[in-house]
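Inside the fold
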Amino acid sequence: MSEKPKNNRVAPPSFLRRYGSQLGIIGVGLVMWLGFVIAAPTVFMNTFIYVAFAQTTPQFGIIALALTFVVITGEIDLSFPSIMALGTAIFCLAVTHGVPWPIALLLGLATGAACGWINGFLVSWLNIPSLVITIGTSFLFRGIELVIMNGTGVPLTAEMYPGLHALLRESYFGIPVQTIWMIVLLGATWLLLNRTRFGAHVFLVGDNPTSARLMGINAVSVKTRAFMLTGVVGVFAGLMTSIYGYYFWPTTGDGFLLNTIASVFLGGTSVFGGTGSVIGSFVASYIIGAINAGIVSAGINAFYTQLCFGLVIVISVVLQTIIDRKIRRQSITGR
Amino acid sequence: MAEASPRPGATPVIELRNVSKTFGEVRSLSDINFAVYPGEIVGLLGDNGAGKSTLVKTVMGFHKPDPGGDVFFKGQKIDDWSVARARGLGIETVYQERALCEKQPIWRNMFMGREPRTKWGLLDVKKMREESARLMSEHMGFTSAAVHPDNVVTTMSGGEKQGVAITRALYFDAQLVILDEPTMGLSLTETKKTLDFVSNIKKAGKSAIFIDHNIFHVYPVVDRLYVLDRGKVAGVYDKSQISMEELIDRLYRVARTGTLE
């Protein structure tokens, strides 16, 4: 650019303005990590802690990547913990009936897609608020899973499924495969969101659905595909979680809801739709994972976990909002 | 009278035959016959609630006509009319509500629904950015520094927003451009720019439908005029048949009595 215009309104957006919230979340992560290192240097200078949270964080983190799409379209999915369980249950039923595990895996993922399609259809085609209907489908999917499994679990040991364990539990080059998956899925979801028409339409539909429809974008299809993505990735996470524990529990997915949703919002994706980033969700997942692993490993009473979660989430969301408004030169209260 | 002036041999770019549109118990359009010929500018006049916007959205495929009404594109009856189809065939609209996504940068808005892709099927973001910058400076007279393609639309003035909407309609080499109250809320210079744009459409040999409340804007640029009243076509005029004073007279009459005569 040869010369800067005098009027500041017409200048190209600054780096800070474009990436402010993403930089903010990375900053929060670094500060928190330094805090842990100072508080418990013996634990946090040791690689063991990092391996531990590199194994557990992706179990909900990969769902956060997919859920980011749903949130950018202006919707929410509260049913993914149940989809995790139902898809994994279908997988377990298939393998216990002699189906080879790769085919069973596809059946499980297809179940996730089907559940996501049901959510998406109800939300976008029938225009039912997602907050309401996914509470309903959450009970529905969980209910189906409990009935077909009769409330019992299924062992998934390494001796029985070596291939699946290689895929979802081993480490390669010292990096737990869960985190390798998380990085691969970050790349894939980043491309999907930022370099495909589907991703472009996710932003447009979330920003202004009427405008998007007037310009010929099929909002129903876009939202439905976002829900299907969350369903499929949810089942993958369900399997990852179950393989990690060597056992499929019918309660799989319990305790995942708030971690995952917190990751998406902590990552700077707006609850109002239209803006968001998978990189933010990625970093935020590890922040939330680090709190979990960090507190336990540092020998702090686990009762402090929730307190710490609460503080980090509330403080960083407040800071993000204030910084965002400062950059946009609005008042702090946004009014 | 009130029949579309016959143009021997010419096939309309777009034609609606017996089109009605009902929303619940409200009949917004009833038995509309409407045609736009190549290279002509058609004005659409009518009071608030006359059905102008509904007619435009039906032409665009956003609304589906009630059974019995048909849409023809260049003489071909089209059954699966949709916005994507209409835009694919070269019909673009500048909507009254502008149809922008305001939290998104200009380049996303410019190519909304028609995003270019690279040979690998991925979004061609580089092209979208560059083309947006070029279009904004060439067509709307913004200097390249003035409107950066990465600026979000929220930060722009009304005229600049309208500039994005108009440039978008122009970019895709449309056969027919529909402008639904394009001068609403614009300054004097911005209005002039918009009216020049409408005249340029005709010079380029393309067609346009021009809707505006202000007859002083519509009358000078159009070839033919449709007057809508309560969802019906109340009259069709060649500009040569009617002076602006007569037209204003008749519009008052139609608003009071529902008939033009």
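Since we're looking at a predicted model, the values are computed, not measured. (Residues numbered from 1 in each chain as written. Chains lettered and ligands numbered in written order. Predicted model: local features only at pLDDT ≥ 70, side-chain atom pairs only at ≥ 80, totals over all residues.)

**A few points about the overall build of chain A**
Counting its secondary structure elements, chain A contains 14 helices and four strands. Scaling as 2.2 N^0.38, a compact globule of 335 residues should have a C-alpha radius of gyration of about 20 Å, and chain A matches this with 21 Å. Principal axes of the C-alpha set define a box for chain A whose edges measure 70 × 55 × 35 Å. Looking at the 335 residues of chain A, the share that counts as buried comes to 47%. Long-range contacts, defined here as pairs at least 24 residues apart, represent 76% of the contacts in chain A between residues at least 6 apart. (Helix = DSSP H or I, 4+ residues; strand = E, 2+ residues; numbered from the N terminus. Rg over C-alpha atoms; globule rule 2.2 N^0.38 Å. Buried ≥ 20, exposed ≤ 12 C-beta atoms within 10 Å, placed from the backbone. Contact = placed C-beta atoms within 7 Å.)

**Digging into the overall build of chain B**
Along its length, chain B carries eight helices and ten strands. For 261 residues, the compact-globule estimate of 2.2 N^0.38 gives 18 Å, and the C-alpha radius of gyration of chain B, at 19 Å, lies within 12% of that figure. Counting only residues that meet the buried cut, chain B has 46% of its 261 residues in that class.

**Quick notes on the domain arrangement of chain B**
Accessible area lost during the coming together of the parts is what is often quoted as the interface size. Residues and elements named next belong to chain B. The assigned domain composition of chain B is domain 1 (1-90 + 174-261) and domain 2 (102-173). On the domain 2 side, the residues contacting the eleven residues of domain 1 number nine residues. The biggest single contributor to the side of domain 1 that touches domain 2 is helix 6 (residues 188-203), with three residues. Among the residues forming the side of domain 1 that touches domain 2, the class breakdown is five nonpolar, four polar and two charged. (Domains from an automatic or database assignment. Nonpolar A, V, L, I, M, F, W, Y, C, P; charged D, E, K, R; others polar.)

**Overview of the sheet that holds strand 10 (residues 232-238) of chain B**
Residues and elements named next belong to chain B. Overall, mixed pairing links the six strands, which are arranged 6-7-8-3-9-10 in an open sheet. Each edge of the open sheet is held by one strand with a lone partner, namely strand 6 (91-94) and strand 10. Taking each pair of neighbouring strands and ignoring which way they run, the sheet shows an average axis angle of 15 degrees. Note that strand 3 (residues 41-46) and strand 9 (residues 224-229) share five bridges and pair parallel. Bridge assignment links Leu-45 to a residue of strand 9, and that residue is Val-227. (Pairing = 2+ DSSP bridges. Axes fitted to C-alpha atoms, helices over the stretch in contact; angles between N-to-C directions.)

**Focus on the environment of Val-43 of chain A**
Residue and element names in this part refer to chain A. Here Val-43 is to be found in helix 2 (residues 41-44). Val-43 sits in the partly exposed class, given 17 other C-beta atoms within 10 Å. Spatially, the C-alpha atom of Val-43 lies 40 Å from that of Ile-90, the residues being 47 residues apart in sequence. Residues contacting Val-43, with those up to four places away along its chain left out, are Ile-49, Ser-297 and Ala-298.

**Let's talk about the nonpolar core**
Of all hydrophobic cores here, the largest spans 158 residues; its most connected members are Ile-287 of chain A together with Phe-210 of chain B. Shared between two domains, this core holds at least three residues of each, these being domain 1 (1-90 + 174-261) and domain 2 (102-173) of chain B. Every residue in contact with Phe-210 of chain B, bar those within four places of it in the chain, is listed here: Ile-41, Gly-43, Leu-44, Leu-179, Val-198, Val-218, Val-221 and Val-222 of chain B. (Core = buried A, V, L, I, M, F, W, Y, C linked by C-beta atoms within 7 Å.)

**Section: the sheet that holds strand 1 (residues 14-23) of chain B**
Within a sheet, adjacent strands bond to each other through the backbone by hydrogen bonds, running parallel or antiparallel. Residue and element names in this part refer to chain B. Pairing within the open sheet is antiparallel, and its four strands lie in the order 2-1-4-5. Bordering the open sheet on either side are strand 2 (26-36) and strand 5 (76-78), each of which pairs with just one other strand. Each neighbouring strand pair of the sheet contributes to a mean axis angle of 30 degrees, computed without reference to strand direction. Here strand 1 pairs with strand 2 via seven bridges, running antiparallel. Note that in strand 2 the partner of Ile-14 across the bridge is Val-36.

**With respect to the packing of helix 4 (residues 80-96) of chain A against helix 6 (residues 130-149) of chain A**
Residues and elements named next belong to chain A. Running from amino to carboxyl end, helix 4 crosses helix 6 at an angle of 25 degrees, the nearest separation of the two axes being 8 Å. When the axes of helix 4 and helix 6 are compared, the pair comes out roughly parallel. You can see that helix 4 and helix 6 cross each other, and the crossing is left-handed. Each of Ser-82, Ile-83, Ala-85, Leu-86, Ala-89 and Leu-93 in helix 4 lies in contact with helix 6, whose residues at this interface are Ser-138, Phe-141, Arg-142, Ile-144, Glu-145, Ile-148 and Met-149. (Parallel < 35°, antiparallel > 145°, perpendicular 65-115°, else oblique. Left-handed = near helix turned anticlockwise from the far one by under 90°.)

**Re helix 5 (residues 101-125) of chain A**
Between its first and last C-alpha atoms helix 5 of chain A spans 35 Å; for 25 residues at 1.5 Å apiece the expected length is 36 Å, and the two agree. Asn-127 of chain A lies just past helix 5 of chain A and shows a positive phi near 55 degrees. (Expected span 1.5 Å × (residues − 1).)

**Examining helix 1 (residues 52-59) of chain B**
Along an α-helix, residues three or four apart share an orientation, since each turn contains 3.6 residues. Most of helix 1 of chain B sits out of view: seven of its eight residues are buried. Taken from the residues just after helix 1 of chain B, Gly-61 of chain B is the one with a positive phi, measuring 85 degrees.

**Regarding the pairing of strand 1 of chain B**
Residue and element names in this part refer to chain B. Two successive antiparallel strands, strand 1 and strand 2, enclose a turn made up of two residues, where Gly-24 displays a positive phi of approximately 60 degrees. One ladder, built from four bridges, connects strand 1 with strand 4 (residues 70-73); its direction is antiparallel. Bridge pairing links Leu-16 to Val-71 in strand 4.

**Here's the deal with the environment of Pro-116 of chain B**
Residues and elements named next belong to chain B. Mapped onto the fold, Pro-116 is located in the loop between helix 3 (106-110) and helix 4 (125-139). The spatial distance from the C-alpha of Pro-116 to the C-alpha of Met-128 is 7.3 Å, given a sequence separation of twelve residues. Among all residues touching Pro-116, those that are not within four sequence positions of it are Phe-111, Asp-124, Lys-127 and Met-128.

**Re the pairing of strand 10 of chain B**
Residues and elements named next belong to chain B. As paired strands, strand 9 and strand 10 are joined by six bridges and run antiparallel to one another. Residue pairing in the sheet places Val-227 in a bridge with Gly-235 of strand 10. The hairpin turn running from strand 9 into strand 10, its antiparallel successor, is two residues long, and Arg-230 in that turn takes a positive phi close to 45 degrees.

**Structural notes on the packing of helix 5 of chain A against helix 11 (residues 219-244) of chain A**
Residue and element names in this part refer to chain A. Look at helix 5 against helix 11: their axes get within 7 Å of each other, and the N-to-C directions meet at 145 degrees. As helix 5 runs across helix 11, the sense of the crossing is right-handed. Class assignment for the residues of the contact of helix 5 with helix 11 results in 16 nonpolar, eleven polar and one charged.

**Considerations on the confidence of the model for chain B**
Residues at a pLDDT of 70 or more form 92% of chain B, whose mean pLDDT is 85. Listed scores for the predicted complex are pTM 0.89 and ipTM 0.87. (pLDDT = per-residue confidence, 0-100.)

**Points about unusual backbone geometry**
All names here are of chain B. Even without being glycine, Asp-31 reaches a positive phi, approximately 50 degrees. Along the chain, the position of Asp-31 falls in strand 2. The residue Glu-181 is not glycine, and still its phi comes out positive at about 45 degrees. Considering the arrangement of structural elements, one finds Glu-181 in the loop between strand 7 (176-180) and helix 6.

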